[in-house]
Number of protein chains: 2
Amino acid sequence: MDVAKEIAAKAKKVDGPLLKYLEVGKYEKLRRAMRHYPEAGGKRLRPLMAMTVAEAVGKKGNDAVPFGCCLEIIHNFTLVHDDVMDEDPVRRGRPSVHVLYDVPTAIIAGDALFAVGFKVLATTPVDGERMRRLLESVSEAIFLVAEGQQMDIDFESRKDVTVEEYMEMVEKKTAVLFACAAEGGAIIGGGTEDQIQDMYEYARLSGIGFQIWDDVLGLTASEKALGKPVGSDIRNGKRTLIAVHALEELGAKGMRKHAAVLKAFGNPKATDAQVKKVIGLFEGTGSIKHAKDIALDYAAKAKAKLDCLPESKDKQFLGALVDFSVGRES
Amino acid sequence: MDVAKEIAAKAKKVDGPLLKYLEVGKYEKLRRAMRHYPEAGGKRLRPLMAMTVAEAVGKKGNDAVPFGCCLEIIHNFTLVHDDVMDEDPVRRGRPSVHVLYDVPTAIIAGDALFAVGFKVLATTPVDGERMRRLLESVSEAIFLVAEGQQMDIDFESRKDVTVEEYMEMVEKKTAVLFACAAEGGAIIGGGTEDQIQDMYEYARLSGIGFQIWDDVLGLTASEKALGKPVGSDIRNGKRTLIAVHALEELGAKGMRKHAAVLKAFGNPKATDAQVKKVIGLFEGTGSIKHAKDIALDYAAKAKAKLDCLPESKDKQFLGALVDFSVGRES
């Protein structure tokens, strides 16, 4: 199965309705700010997850389009606000919303996307009680994403982040919205209670694996494959699982010993050679291998959760999606 | 009827469940940031509106508590984000969230309140189809609030705001959430379709009147009654109905003639005497009287919408609430 091609084909099915949902409101400036990221494309992984699961459990893929678009809109709202908080000037090769407009407009555009996400949710073709359940699930997920974002921001000014805390942060910031997508797909598809729970777990586990693998690639893949400089996480001093594990392994003594090398960690002006030395240090502590093993373990556990589904092309795709996200070398 | 006392008594009924709903999440710092404004009190006008209407149409006031708290939480989310955008350092006599913590925490706390608002909405004791309708109504209202806030922000850098634009902004930024509260109360109370629509209109019209009257008081009441300096809208150059009308009345010629006085409009360092001269100018153009008349007209139209309700103490209170908001002199 050519997963990248499948993703692109499925994403195309989402683009039309998604952008249609965002033809909203009377105020053109705000509408343009809201559409800026969604128009720039993206893999549409959350809608794709919801639609594929709904198809796999009950041949209801199309019924999951509004719900999937809701989550994609919510995801984009978090990107707009995250970029304000991180003062990130570029997203998907274009200026961030707060750069193209200003900070207030970006905050409002995020809020407005948030609201429209729920407007779209209300159009999901399910009975009222399942609507209530989707509302509970989506609002809970967004709350957890907010907690995860707060942890991530607070980690920046801390040197003592534990592996446990990192795992909680990643689960909340990244995995929970995928889990909500798969769970909602199962609800919309009319899945059994076991399927609904297993689909949540499938996406939660693969979401965690995906984020950890992404951090690995950030240090090991080529700049061309990444679309950004290798080691930008090093220059930003980002508390990835790799960094957290390495600092734990080194301990106070090791950190003193390697203080000269570690100066590049969190130094935006570090040279490529300095960054390479940090990566070498993190290899020496076994932290890159450790992160890879953890990610692959999550991926395997995620795939095991697919056992609850009947055989189908959609089930195969969900399995292939995990391998596509976790395990590739670039 | 002692409206202020009634409001205080009703607000007390909301405080308990409201703060209980905000005992949420694992991350104490975020939770404290979220609770900072709700804990500082407030009139709880939106829950009070929802509960009173639900009681008036169907004796279901208590059923409207979660919905009312949802709107109060949403209202507080908008305050947190507005204070970031306006760089307002104080709210209800305490430091703003972004001052007490920082801008990223305030953005996230706002987003988290937003999410919790919808979590609370999902607990409303109504059937699934009415739940869907409430979801549509609340999400649409928040979208309109975002549009109104964007207009308000953009007005700051414009000199040519029309009365029509001002009215649209006030309707969206202030009145729509009240309208949603009253409409939702009628839905939860099992009101007829006519009652649901009339309650929406009642609160929309009184919300517009309330905001215009509030702008009048900002220029005419005493500092003690306002709890803030008289004429801060003048110093901030705020495009209130009064200012917009006055500038329209003066025209380019009048503005040139009174340029010396108008220098204080939008000058944060203007003296009390300079501010008084601007207020005098706005009196001279008839703009304060004009705003009062408009506000009273909205109030009268709002009260007429109460005709759809059976006689009750709650109906009386809804009428008295309009007079309390529009028409008082301090």
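Here, every reference points to the structure presented above.
Residues numbered from 1 in each chain as written. Chains lettered and ligands numbered in written order. Predicted model: local features only at pLDDT ≥ 70, side-chain atom pairs only at ≥ 80, totals over all residues. Heavy atoms only, no water.

Caption draft 1: The arrangement of the relation of the copies chain A and chain B in detail. Superposition record for chain A on chain B: RMSD 0.0 Å, screw rotation 180°, translation along axis 0.0 Å. When the rotation and shift are considered jointly, the pair of chain copies conforms to a two-fold rotation axis. Closest approach to the rotation axis among the C-alpha atoms of chain A is made by G128(A), whose C-alpha sits 1.7 Å away. Most of the interface of chain A is mirrored in chain B, where 100% of its interface residues again form contacts. (Least-squares fit on C-alpha atoms with pLDDT ≥ 70 in both. Contact = heavy atoms within 4.5 Å.)

Caption draft 2: Fine view of the nonpolar core. The biggest cluster of nonpolar side chains holds 239 residues, and the ones touching the most others in it are F282(A) and F282(B). If one sorts the elements of this core by residue count, helix α8 (residues 163-188) of chain B sits on top with 16 residues. Beyond its immediate sequence surroundings of up to four residues, F282(B) is in contact with L219(B), I234(B), I242(B), A243(B), A246(B), L262(B), F265(B), S287(B) and I288(B). (Core = buried A, V, L, I, M, F, W, Y, C linked by side-chain atoms within 4.5 Å. Buried < 20%, exposed > 50% of the residue type's maximum accessible area, 1.4 Å probe, protein only. Helix = DSSP H or I, 4+ residues; strand = E, 2+ residues; numbered from the N terminus.)

Caption draft 3: Seen up close, the packing of helix α3 (residues 45-58) of chain B against helix α4 (residues 65-86) of chain B. Residues and elements named next belong to chain B. Put simply, α3 and α4 touch, their axes get as near as 8 Å, and they point 155° apart. Between α3 and α4, the interaxial angle falls into the category roughly antiparallel. The two elements α3 and α4 cross, and the hand of that crossing is right-handed. Residues L45, R46, P47, A50 and M51 of α3 form the contact with α4, whose participating residues are V65, F67, G68, C69, L71, E72 and H75. Partitioned by chemical class, the residues of the contact of α3 with α4 number eight nonpolar, two polar and two charged. (Axes fitted to C-alpha atoms, helices over the stretch in contact; angles between N-to-C directions. Parallel < 35°, antiparallel > 145°, perpendicular 65-115°, else oblique. Left-handed = near helix turned anticlockwise from the far one by under 90°. Nonpolar A, V, L, I, M, F, W, Y, C, P; charged D, E, K, R; others polar.)

Caption draft 4: Structural context of the packing of helix α9 (residues 193-220) of chain B against helix α16 (residues 313-325) of chain B. Residue and element names in this part refer to chain B. Contact geometry for α9 and α16: axes closest at 9 Å, N-to-C directions at 20°. Here α9 lies roughly parallel to α16, going by the angle between them. Considering the relative orientation of α9 and α16, their crossing is left-handed. For the pair formed by α9 and α16, the contact residues are Y202, S206, F210 and W213 on the first element and L318, L321, V322 and S325 on the second. Of the residues belonging to the contact of α9 with α16, the class tally is six nonpolar, two polar and no charged.

Caption draft 5: Seen up close, the pattern of salt bridges. Summed over the entire model, instances satisfying the criterion amount to 50 salt bridges over all chains. A salt bridge links K119(B) to E140(A), with the nearest nitrogen and oxygen atoms 2.2 Å apart. Taken together, the positions of K119(B) in helix α6 (residues 103-121) and E140(A) in helix α7 (residues 128-155) put the pair across two chains. Among the residues examined, K119(B) registers a relative accessible area of 23% and is labelled partly exposed. For the salt bridge of K26(B) with E168(A), the shortest nitrogen-to-oxygen distance reads 3.4 Å. Here K26(B) is found in the loop between α1 (3-21) and α2 (28-39), whereas its partner E168(A) is found in helix α8 (residues 163-188) on a different chain. Look at the salt bridges and you will find they share partners, linking K26(A), E147(B), E168(B) and K172(B) into a network. (Salt bridge = Lys/Arg side-chain N within 4 Å of Asp/Glu carboxyl O.)

Caption draft 6: Expanded view of the packing of aromatic side chains. Residue and element names in this part refer to chain B. This structure, assessed with the given rule, holds ten aromatic pairs over all chains. Between F178 and F210, the ring centres sit 6.2 Å apart and the planes meet at 80°, which makes this aromatic pair edge-to-face. Of this pair, F178 sits in helix α8 while F210 sits in helix α9; the two residues are 32 residues apart in sequence, bridging distant segments of the chain. With relative accessibility at 5%, the residue F178 sits in the buried group. The class of F210 is partly exposed, set by a relative accessible area of 21%. (Phe/Tyr/Trp six-rings, centres within 6.5 Å; stacked < 30°, edge-to-face > 60°.)

Caption draft 7: Focus on unusual backbone geometry. The phi torsion at R44(A) lies on the positive side, around 55°, for a residue other than glycine. Note that R44(A) resides in the loop between α2 (28-39) and α3 (45-58). Here R92(B), not a glycine, exhibits a phi torsion of approximately 50°, which is positive. In this fold, R92(B) is placed in the loop between β1 (90-91) and β2 (94-95). Residue classification places R92(B) among the partly exposed residues on the basis of a relative accessible area of 33%.

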